[in-house]
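Below, each chain spelled out in residue letters.
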Amino acid sequence: MSETAELKLDGKSIQLPVLEGTENEKAIDISKLRDQTGYVTLDSGFKNTGATKSAITFLDGEQGILKYRGYGIEELAEKSTFLEVAYLLIYGNLPTKTEIEDFQRKISRHTLVHEDMKKFFDGFPSKSHPMGQLSSLVCSLSSFYPESLDPHQTKEEFELTIIKLLAKMPTIVSWIYKKSLGHPVIYPQNKYDYVTNFLYMTFGQRTEEITIDPVVIDAMNKLLILHADHEQNCSTSTVRIVGSSDCNLYASISAGVSALWGPLHGGANQAVIEMLEKIKNDGGDVDKWVNKAKDKNDSFRLMGFGHRVYKNFDPRAKIIKKACDDILAKLGINDPVLDIAKKLEEVALNDPYFVDRKLYPNVDFYSGIIYRALGFPTEMFTVLFALGRLPGWIAQWKEMRENKEPIGRPRQIYIGEKDRTFVDIASR
């Protein structure tokens, strides 16, 4: 007999099924709680609520484990490419040589965006945030490809929608960067792989040929892989709940971009650089700011250390630390902000205060340093996060639709006024 949980309410006892996932995670199924008892649960922020069953990503914050489709993040980052990981997340298995070549070929055919999209940039204010631009541009794809609005697309039509979004996202992101500089956009070159093509469009110039350093390509591949999915976080849950209304893929992903924009979610690596700038502008005394962080009466907190999900260590940080060291060594950058970052890293890895509390540098700390070293402005960091998270969002949206999950509709506990009598405006 399956395990159950017993709930006693109002003198009655009901049995609630207990579910167990493949990694031994357990959950109490309350799907019929309201029907059986009239009660709902209250779980602010959904911290204890499983909204779906998913076969995409497993995360164990206590043990520091992250897996995509059963593959450890460490092995994927070491041996795979971002496009292979995108295929894995979306379709469930690592691609064969033929499958990845076909996947790359299909994407290469759709990397160009409609020329009319350039007109959007003319309408954006000069200081508009890159994430606002990205959200608008991604959503606009549904207007350029109205066939995507049909919730009953054939399998072939649906696959083409996915391919178009994967193909055009790097072009859009690179154009946002180029427009921020006032530079002409660079068109994609299908001779390049996915990540190299993005870097070419981002850092290339119409005036001269450039060669992207393999160390930079490797670091960008790793960063995008590490950000590709992270279970049911704020933006992923947003994509799923918007998609549950039969909303098209482009608009659903645009909603995810907007959710990621929030500084409590996708802005952490930007906050790291802003903190380092603050320390530099104060004179660069790292010890002073470390002591402030240790002082429980001081509101200052070190950004990029510890993680609200990973209670031991962030497995992604161990991977990206080496890429960060390689980038800094290869590029030989002389930047006082990055010097401060390395000093903070040394303190966090050796100071008993941080070690005992497991406040190790996390992926946001190292990704912020890498993006800074490559020359990206801080406002672009979250856009790069979105580029990496795209295949995870697509996979989650696709899974939700294939499972025919119902439209999302949370409940609430009403705490407002009762039975008020309307008073005419002349008497108020």
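Use the structure listed above.
The model shown is predicted, which means the values in this text are computed figures rather than measured ones. (Residues numbered from 1 in each chain as written. Predicted model: local features only at pLDDT ≥ 70, side-chain atom pairs only at ≥ 80, totals over all residues. Heavy atoms only, no water.)

**Brief notes about the overall build of the chain**
No. 1: Across its full length, the chain carries 18 helices and six strands.
No. 2: Taken over the C-alpha atoms alone, the chain extends approximately 75 × 65 × 60 Å along its principal axes.
No. 3: Per-residue burial for the chain yields a buried fraction of 47% across its 428 residues.
No. 4: Considering only contacts within the chain whose residues lie at least 6 apart along the sequence, 70% involve residues at least 24 apart.
No. 5: Here the chain contributes 54 positive and 58 negative side-chain charges, whose respective centroids are spaced 2 Å apart. (Helix = DSSP H or I, 4+ residues; strand = E, 2+ residues; numbered from the N terminus. Buried < 20%, exposed > 50% of the residue type's maximum accessible area, 1.4 Å probe, protein only. Contact = heavy atoms within 4.5 Å. Lys, Arg positive; Asp, Glu negative; His and termini not counted. Charge placed at Lys NZ, Arg CZ, Asp CG, Glu CD.)

**Focus: the side chain of Gln396**
No. 1: Inspection of the secondary structure assignment puts Gln396 in helix H18 (residues 381-402).
No. 2: Among the polar contacts made by the side chain of Gln396, one reaches the side chain of Arg240 at a distance of 2.5 Å.
No. 3: Excluding its chain neighbours within four sequence positions, the residues that come into contact with Gln396 are Ser54, Ile56, Asp229, Glu231, Gln232, Thr236 and Arg240. (Polar contact = N/O pair within 3.5 Å; in protein donor to acceptor, adjacent residues only side chain to side chain.)

**Examining unusual backbone geometry**
No. 1: Phi at Glu231 is positive, roughly 65°, even though this residue is not glycine.
No. 2: Looking at the element boundaries, Glu231 is found in the loop between helix H9 (214-226) and helix H10 (234-243).
No. 3: The residue Lys358 is not glycine, and still its phi comes out positive at about 55°.
No. 4: Within the secondary structure, Lys358 is located in the loop between helix H16 (352-356) and helix H17 (363-374).
No. 5: Of the residues examined, Lys358 reaches a relative accessible area of 36% and is grouped as partly exposed.

**Here's the deal with the pattern of salt bridges**
No. 1: Overall, the coordinates contain 27 salt bridges when judged by the stated rule.
No. 2: Of the charged contacts, one joins Asp335 and Arg372 as a salt bridge, the two residues approaching to 2.9 Å between their closest N and O atoms. Remark: Arg372 occurs in helix H17 and Asp335 occurs in the loop between helix H14 (315-331) and helix H15 (336-350); sequence separation between them is 37 residues.
No. 3: Note on Asp335: relative accessible area 11%, which makes it buried.
No. 4: Members of the salt-bridge network, linked through shared partners, are Glu277, Lys280, Asp335 and Arg372. (Salt bridge = Lys/Arg side-chain N within 4 Å of Asp/Glu carboxyl O.)

**A closer look at empty space enclosed by the protein**
No. 1: Taken as a whole and assessed by the stated rule, the structure comprises one cavity of 30 Å³ or more.
No. 2: What the largest cavity holds in volume is close to 70 Å³.
No. 3: Along the walls of the largest cavity sit Gln104, Ile107, Ser108, Thr111, Ala167, Pro170, Asn190, Tyr192, Asp193, Tyr194, Asn197 and Met201, which together make up its complete lining.
No. 4: Counting only elements with at least two residues in the lining of the largest cavity, the list comes to helix H4 (97-108), helix H7 (155-181) and helix H8 (194-203).
No. 5: Residues belonging to the lining of the largest cavity are distributed by class as follows: six nonpolar, five polar and one charged. (1 Å grid on protein atoms, 1.4 Å probe; cavity = no way out; pocket = protein on both sides within 12 Å on 5 of 7 lines; lining within 4 Å. Points joined across faces, edges and corners; volume = space filled by probe spheres on them. Nonpolar A, V, L, I, M, F, W, Y, C, P; charged D, E, K, R; others polar.)

**Some remarks on the pairing of strand S4 (residues 57-60)**
No. 1: In the sheet, S4 pairs with strand S5 (residues 65-68) via four bridges, with the strands oriented antiparallel. In the strand pairing of S5, Leu59 is matched with Leu66.
No. 2: Between S4 and S5, which pair antiparallel and follow one another directly, the connecting turn spans four residues, one of which, Gly64, has a positive phi of 70°. (Pairing = 2+ DSSP bridges.)

**Observations regarding the layout of surface pockets**
No. 1: Computed from the structure, the second largest pocket encloses a volume of approximately 440 Å³.
No. 2: Taken together, 21 residues make up the lining of the second largest pocket; nearest its centre are Pro151, His152, Gln153, Arg401 and Glu402.
No. 3: Elements with a minimum of two residues in the lining of the second largest pocket: H7 and H18.
No. 4: Broken down by element, the lining of the second largest pocket gets its largest block of residues, four residues, from H18.
No. 5: The residue inventory of the lining of the second largest pocket, partitioned by class, reads seven nonpolar, seven polar and seven charged.

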